[in-house]
Amino acid sequence: MLRQTLKFRKTISFLCVLSLLILIYLIITKSNSEHGRTHYKIAEEKRDITFRGFNIFPKDEYNNINKMNLQSSNEVTSDDTKHELAEAKNRIQELEKKIAILEGRMPQKYPEVKFLGYKERRRILVTGGAGFVGSHLVDILMMKGHEVIVVDNFFTGRKRNVEHWFGHRNFEMIHHDIVNPLYVEADEIYHLASPASPPHYMQNPVKTIKTNTLGTINMLGLARRVGARILIASTSEVYGDPLVHPQPESYWGHVNPIGPRACYDEGKRVAETLAYSYAKQEKVDVRVARIFNTYGPRMHVSDGRVVSNFIMQALQNLTITVYGNGKQTRSFCYVSDLVDGLLGLMASSYTLPVNIGNPVEHTIEEFAMIIKNLVPGCRSTVATGAAVEDDPQRRRPDIAVAEAHLHWKPKVSLQEGLQRTIDYFKEELSRTTLYNNQTYVDMKVNHH
Ligand SMILES: NC(=O)c1ccc[n+]([C@@H]2O[C@H](COP(=O)([O-])OP(=O)(O)OC[C@H]3O[C@@H](n4cnc5c(N)ncnc54)[C@H](O)[C@@H]3O)[C@@H](O)[C@H]2O)c1
């Protein structure tokens, strides 16, 4: 019995010593791992800093972080370490802000710009300059060496269309709605601000009328005040569903004043009337361009126009939808040709309206096939849908006036222009679907 008790006590003491040893071992390993984590965290922060290429990291800050790293190895409490880490993070954030400011000051690379002396250089205002046509016009004016002011409310335009000029000394961007008066100095005004595609201008018809009437009054008033020449971007829509073919400038048009397109068609007709009223009464120097369907890179991918719709459908192997019987005709002008025409008109002494467009005419059905054949491997089929209200049946400009007075005619072939546009849409599609994982759907409401 006594032997048994002694043996039991021995076992108990042995177990106690063993547990004590295990406890000591655990305490030591915990403390080491705490230090190890601190080292690791700080090393991570440092690594992060170097990864972002902070090569202008101030020496003091760098030393401080190093100091903290050394100190941390001597610390015993995790609270202090946490506090220092938080401080380090704050400092890193402050430095990141400073770096962002410095990067913003670094000179950007711009497209090549000609130098113009003060006598040739003009201050040019482009309303709607962040839109499809406006942004191409801005590019040319900038490259010619002029000072350009873009005014846009970004309803359909995008900063991305002109962002390559941000920060250039000749470029200025004003976020402004032209329905409100604008006070700037300018020698010339290209007045392009207005939604142009049917889904956009039908979205808010009252606003479309206001932009084309009040907005145009504001721009004509500005032109009068500063003595600037002003070019009004009118449209072939002033001819409505034409009874004369092809359409010369002398044709007065055939427009339904209460139809779904009236907000735009009649808005532009009033804009023309306003231009010639200001010219007669206030001696404003006006030019009026009647622009026919235009296409090219920077068109809105979902603006519901024939070219953008057909290309987007063909690129995604979706059914190409033709509204009506497909026998209605259109003539499409490549955007660089249009911009040349606008520049030519602004520079000319011709003051009556001028048609600017490409007279090569195709049926909508033919367009669908041309685009399908230009997209390699396209498996889309062409289908017809219900006709659209007030869809013009024939559209082709008579460009005799532009040829005679501006010595202008389009140069870019349909194949070449479409190829450049398809390449652009391909890139847009890959960019957008990549981010949104979405498929573009048919936004079409007619064959503008
Ligand atoms: N593209 C064509 O086929 C075509 C045909 C005929 C006429 N036009 C005329 O040419 C001009 C430009 O057309 P686009 O195709 O570049 O269209 P777009 O929609 O790409 O560009 C129009 C620009 O005007 C801006 N805008 C609209 N309302 C405004 C407002 N109230 N204040 C300030 N900015 C405003 C938009 O944000 C956009 O940047 C328009 O006046 C249009 O009527 C174009």
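These numbers were taken from a predicted model, which means no experiment stands behind them. Sequence positions are assigned chain by chain, starting from 1 and proceeding in written order. Reporting in this predicted model follows two pLDDT cut-offs: at least 70 for local features of residues, and 80 or more for side-chain atom pairs to be given and counted; totals over whole chains, interfaces and linings ignore these cut-offs and use all residues.

### Some details on the overall build of the chain
Here is step 1 of the chain: Strands are runs of DSSP state E lasting at least 2 residues, helices are runs of H or I lasting at least 4, and numbering of each runs from the N terminus. On a plain count of helices and strands, the chain comes out with 12 helices and 13 strands.
Here is step 2 of the chain: Within the chain, counting contacts between residues at least 6 apart in sequence, those at least 24 apart form 81% of the total. By the criterion used throughout, residues are in contact when their C-beta atoms, derived from the backbone, lie within 7 Å.

### Describing the pairing of strand S6 (residues 286-291)
Here is step 1 of the chain: Summarising burial for S6: 6 of the 6 residues are buried, a large majority.
Here is step 2 of the chain: Residues Val286, Val288 and Arg290 of S6 are buried on one face, and the alternating residues Arg287, Ala289 and Ile291, pointing to the opposite face, are buried as well.
Here is step 3 of the chain: A pair of strands counts as paired when DSSP detects no fewer than two bridges linking them. Across 6 bridges, the pairing between strand S5 (residues 229-235) and S6 is parallel. Bridging from a neighbouring strand, isoleucine 232 pairs with valine 288 of S6.
Here is step 4 of the chain: In this view, the connection linking S5 to its parallel neighbour S6 by way of helix H7 (residues 262-282) has right-handed handedness.
Here is step 5 of the chain: In terms of strand pairing, S6 meets strand S11 (residues 354-356) through 3 bridges, oriented parallel. The residue bridging alanine 289 from the neighbouring strand is valine 354, located in S11. Comment: burial labels come from other C-beta atoms within 10 Å of the residue's own C-beta, placed from the backbone, where a count of 20 or more is buried, 12 or fewer is exposed, and between is partly exposed. Call a crossover right-handed when, viewed with both strands pointing away from you, the route from the first strand across the helix to the second goes clockwise.

### Concerning helix H4 (residues 132-143)
Here is step 1 of the chain: Expected span of a helix, by definition, is 1.5 Å for each gap between consecutive residues, and there is one gap fewer than residues. Taking 1.5 Å of rise per residue, 12 residues should cover 16 Å, and H4 covers 17 Å from first to last C-alpha, within 8% of that figure.
Here is step 2 of the chain: Counted residue by residue, H4 has 9 buried out of 12 residues, so it is predominantly covered.
Here is step 3 of the chain: Those residues of H4 that sit buried are Phe132, Val133, Gly134, Ser135, His136, Leu137, Val138, Leu141 and Met142.
Here is step 4 of the chain: Lining the buried residues of H4 we find strand S1 (123-127), strand S2 (147-152), strand S3 (171-175), strand S4 (188-191), strand S7 (294-295) and helix H9 (335-347).
Here is step 5 of the chain: Remark: glycine 145 follows H4 within two positions and exhibits a positive phi of approximately 100°.

### Some thoughts on the environment of arginine 229
Here is step 1 of the chain: Relative to the assigned elements, arginine 229 resides in strand S5.
Here is step 2 of the chain: Taking the C-beta count within 10 Å as the criterion, arginine 229 has 19 such neighbours and is therefore assigned partly exposed.
Here is step 3 of the chain: In the structure, arginine 229 is positioned 105 residues away from isoleucine 124 in sequence and 9.8 Å away in space, judged by C-alpha atoms.
Here is step 4 of the chain: Once you skip the residues sitting within four places of it in the chain, arginine 229 turns out to touch Glu188, Asp285, Arg287 and Met346.

### Side note on the packing of helix H8 (residues 306-315) against helix H10 (residues 364-374)
Here is step 1 of the chain: Their axes nearest at 9 Å, the elements H8 and H10 cross at an angle of 40°. It follows that H8 is oblique to H10 by the angle criterion. You can see that H8 and H10 cross each other, and the crossing is right-handed. Together, Val306, Phe310, Ile311 and Ala314 of H8 and Ile364, Phe367, Ala368, Ile371 and Lys372 of H10 make up the contact between the two elements. Throughout, an axis means a line fitted to C-alpha atoms (over the contacting stretch in the case of helices), and angles, computed between N-to-C directions, take values from 0 to 180 degrees. For classification purposes, an angle smaller than 35 degrees is called roughly parallel, one larger than 145 roughly antiparallel, one from 65 to 115 roughly perpendicular, and anything else oblique. Note on convention: the crossing is left-handed when the near helix lies turned anticlockwise from the far helix by less than a right angle, right-handed when the turn is clockwise.

### Concerning the site of the ligand
Here is step 1 of the chain: Around the ligand there are 27 residues in total, and Gly128, Gly131, Val133, Thr156 and Gly157 lie nearest to it.
Here is step 2 of the chain: Here the element with the most residues in the shell around the ligand is H4; it accounts for 3 residues.
Here is step 3 of the chain: Asp, Glu, Lys and Arg are counted as charged, while Ala, Val, Leu, Ile, Met, Phe, Trp, Tyr, Cys and Pro are counted as nonpolar; the rest, among them Gly, fall into the polar class. Taken together, the residues of the shell around the ligand sort by class into 13 nonpolar, 12 polar and 2 charged. Here is the check we use: build the C-beta atom from the backbone, and if it is within 6 Å of the molecule or strand, call the residue near.

### Structural notes on the environment of serine 308
Here is step 1 of the chain: You can see serine 308 is positioned in helix H8.
Here is step 2 of the chain: Residue serine 308 is classed as buried on the basis of its C-beta count, with 23 C-beta atoms lying within 10 Å.
Here is step 3 of the chain: Taking the C-alpha atoms as reference points, serine 308 and tyrosine 295, 13 residues apart in sequence, are found 8.1 Å from one another.

### Quick notes on unusual backbone geometry
Here is step 1 of the chain: Of note, the bond from histidine 245 into proline 246 is cis; its omega dihedral lies within 30 degrees of zero at -15°.
Here is step 2 of the chain: Mapped onto the elements of the fold, proline 246 is located in the loop between S5 and H7.
Here is step 3 of the chain: The phi angle at phenylalanine 154 is positive, at roughly 60°, despite the residue not being glycine.
Here is step 4 of the chain: Examined against the element boundaries, phenylalanine 154 turns out to sit in the loop between S2 and S3.

### A look at the sheet that holds S2
Here is step 1 of the chain: With parallel pairing, 7 strands are arranged side by side in an open sheet as S3-S2-S1-S4-S5-S6-S11. Of all strands in the sheet, those with a lone pairing partner are S3 and S11, marking the two edges. Averaged over all neighbouring strand pairs, the angle between strand axes comes to 20°, with direction disregarded.
Here is step 2 of the chain: Summarising the sheet, S2 and S3 pair through 5 bridges and their orientation is parallel. Each bridged residue has a counterpart across the sheet, and for isoleucine 149 the counterpart in S3 is glutamate 172.
Here is step 3 of the chain: Lying over the sheet, helix H6 (residues 205-226) contacts S1, S4 and S5, oriented at roughly 170° with respect to S4.
Here is step 4 of the chain: Relative to S5, H7 is tilted by about 155°, and along the sheet it contacts S5 and S6.

### A closer look at the confidence of the model for the chain
Here is step 1 of the chain: The quantity known as pLDDT measures the predictor's confidence residue by residue, on a range of 0 to 100. This prediction gives the chain a mean pLDDT of 85; 78% of its residues lie at or above 70.
Here is step 2 of the chain: In the predicted structure, residues 34-63 sits below a pLDDT of 50 and forms 20 contacts with residues beyond four places in sequence or in another chain.
Here is step 3 of the chain: Between residues 437-447, whose pLDDT stays under 50, and residues either more than four places distant or in other chains, the model counts 33 contacts.

### Brief notes about H8
Here is step 1 of the chain: Extensive coverage of H8 is indicated by the burial of 9 of its 10 residues.
Here is step 2 of the chain: Within the sequence span of H8, burial applies to Val306, Val307, Ser308, Asn309, Phe310, Ile311, Met312, Gln313 and Ala314.
Here is step 3 of the chain: A positive phi of about 55° marks asparagine 317, the residue just after H8.

### A look at the environment of alanine 400
Here is step 1 of the chain: Mapped onto the elements of the fold, alanine 400 is located in helix H11 (residues 400-406).
Here is step 2 of the chain: Sequence spacing of alanine 400 and glutamate 249 is 151 residues, and the spatial spacing of their C-alpha atoms is 9.4 Å.

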